[in-house]
Amino acid sequence: MRYAPDHKQATRERILEAAGRLFRREGFGGSGITAIMKEAGLTHGGFYAHFDDKEELLAAAIAWALSEENSHRSVGLEHLGGLEYVIAVCDRYLSLEHLEAIENGCPAPALMSELSRMGHKPREVFEEACRGWRDEIESHLDPDQHAVALGLVAACMGGLTLARSINDTQLREQVLASTRTLIRQSLADSNDRSAS
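All residue numbers here refer to positions counted from 1 along the written sequence of the relevant chain. Reporting of local features is limited, given that this is a predicted model, to residues whose pLDDT is at least 70; pairs of side-chain atoms are given and counted only at 80 or more, and all residues count toward the totals for whole chains, interfaces and linings. Calculation of side-chain values draws on the structure's entire complement of heavy atoms; hydrogens and water are dropped beforehand.

On to the packing of aromatic side chains, then. When we look at a pair of aromatic rings, we describe it by the centre distance and by the angle of the planes. For this analysis, a ring pair means two rings from Phe, Tyr or Trp (six-membered ring only for Trp) whose centres lie within 6.5 Å, classed as stacked if their planes differ by under 30 degrees, edge-to-face if by over 60, and tilted for the remaining angles. Applying the stated rule across the entire model yields three aromatic pairs. With centroids separated by 5.6 Å and ring planes inclined at 35°, the aromatic side chains of Phe-47 and Phe-51 adopt a geometry described as tilted. Pairing Tyr-93 with Trp-133 gives two aromatic rings, centres 5.0 Å apart and planes at 45°, and the pair type is tilted. Of this pair, Tyr-93 sits in helix 4 (residues 82-93) while Trp-133 is found in helix 7 (residues 120-138), placing the two residues 40 residues apart along the sequence. Take Tyr-93 and Trp-133: they sit in the same class, and that class is buried. Strands here mean DSSP runs of E at least two residues long; helices mean DSSP runs of H or I at least four residues long; both are numbered from the N terminus. For every residue, the accessible area obtained with a 1.4 Å probe (protein chains only) is divided by the maximum for its type, and the residue is called buried under 20%, exposed over 50%, and partly exposed between those limits.

Turning to the packing of helix 4 against helix 7, a few remarks are in order. Running from amino to carboxyl end, helix 4 crosses helix 7 at an angle of 140°, the nearest separation of the two axes being 9 Å. If you check the angle between helix 4 and helix 7, you find them oblique. Residues Tyr-85, Val-86, Val-89 and Tyr-93 of helix 4 lie in contact with helix 7, whose contacting residues are Trp-133, Glu-136 and Ile-137. Nonpolar residues are Ala, Val, Leu, Ile, Met, Phe, Trp, Tyr, Cys and Pro. Charged residues are Asp, Glu, Lys and Arg, and all others, Gly as well, are polar. Here the contact of helix 4 with helix 7 is composed, by residue class, of six nonpolar, no polar and one charged. Inter-axis angles, ranging from 0 to 180 degrees, are taken between N-to-C directions of lines fitted to C-alpha atoms, where helices are fitted over the stretch in contact. For classification purposes, angles smaller than 35 degrees are called roughly parallel, those larger than 145 roughly antiparallel, those between 65 and 115 roughly perpendicular, and all remaining angles oblique. Should any heavy atoms of two residues lie within 4.5 Å, those residues are counted as being in contact.

Looking now at the pattern of salt bridges. Whenever Lys or Arg places a side-chain nitrogen within 4 Å of a carboxyl oxygen from Asp or Glu, that contact is recorded as a salt bridge. Enumeration according to the criterion identifies 10 salt bridges in this entry. Between Arg-21 and Glu-17 there is a salt bridge; the shortest N-O distance is 3.4 Å. Linking Arg-21 with Glu-17, this pair stays in helix 1 (residues 7-26), spanning four residues, or about one helical turn. Salt bridges here are not isolated pairs; linked through shared partners, they connect Glu-17, Arg-21, Arg-25, Glu-26, Glu-39 and Glu-103.

Residues are said to line a cavity or pocket when one of their atoms sits within 4 Å of a point; the points come from a 1 Å grid over protein atoms alone, cavities being sets where a 1.4 Å probe fits but cannot get out and pockets being open sets with protein on both sides within 12 Å along at least five of seven lines. Grid points are joined across faces, edges and corners, and a volume is the space filled by probe spheres set on the points. Its volume calculated, the largest pocket comes out at about 300 Å³. Taken together, 19 residues form the lining of the largest pocket, with Glu-68, Glu-69, His-72, Asn-104 and Gly-105 sitting closest to its centre. Put simply, the parts of the chain that give the lining of the largest pocket at least two residues each are helix 1, helix 3 (54-73), helix 4 and helix 5 (96-100). Broken down by element, the residue count for the lining of the largest pocket peaks at six residues, all from helix 3. When grouped by side-chain class, the residues that make up the lining of the largest pocket number five nonpolar, five polar and nine charged.

Function cannot be inferred from these measures alone, as they are strictly geometric.
Here's what the structure looks like:
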C-alpha cells in the first residue's frame with residue numbers, strides 16, 4: 001500500500017497529540033506505549049517506526065504540547081503590553097478554565113514531579129520551554145524587573161500544580177486567586193523598585 005509523502009509526519013503528529021493528552025491525564029508512569037498507540041488509533045507495532053523508546057516520545061510530546069500551549073497563551077492579548085500583558089497571561093494560566101483543561105492545557109503540572117526522575121532530554125526540552133516563557137515575560141518588563149520573570153513562571157506552574165492536587169473546589173479556587181494576587185504584588189513591588 002502506498003502512503004502519501006506526508007503520511008509518516010502526520011502519523012508522528014497523531015502519536016504526539018495522543019501522548020500529550022495521555023501524559024497529562026495519566027502521567028508518564030501511567031501511560032504505556034500500547035495505551036498511547038491506542039489513544040492515537042494505531043497499533044503498538046508502529047511505535048518504533050517513529051521513536052526509539054518512551055522517553056524519546058516524552059521529550060517530543062513535551063516539546064509539542066508546550067509549543068501548543070505557547071501558541072495559545074497570548075491569543076487575544078496582542079493589544080496589551082508591559083505589565084498588563086504579563087498579568088493577563090498569568091491570569092489566563094491560573095484560571096479555572098486552564099485548571100480543568102488537564103488533557104489540553106500546559107503539561108507542566110502533570111509531569112513536573114516525574115521530570116525530576118527522567119533522563120536528560122525530557123528535562124532539557126522542559127528547561128528550554130521555561131526559559132522561553134521567562135524570556136517572553138522579560139520582553140514585556142523593564143530591564144530592572146527581569147529578576148522576577150522566572151519567579152512568575154514558577155508561581156504560575158506551581159500554583160496550577162497545587163490547585164490541581166486539591167479536591168476541595170473552594171480551596172482550589174483560593175490557591176489560584178492567591179497566586180494571581182502574589183504575582184500582582186511581585187510585579188507592583190518590582191515596578192516600585194525600578195521606578196525609584
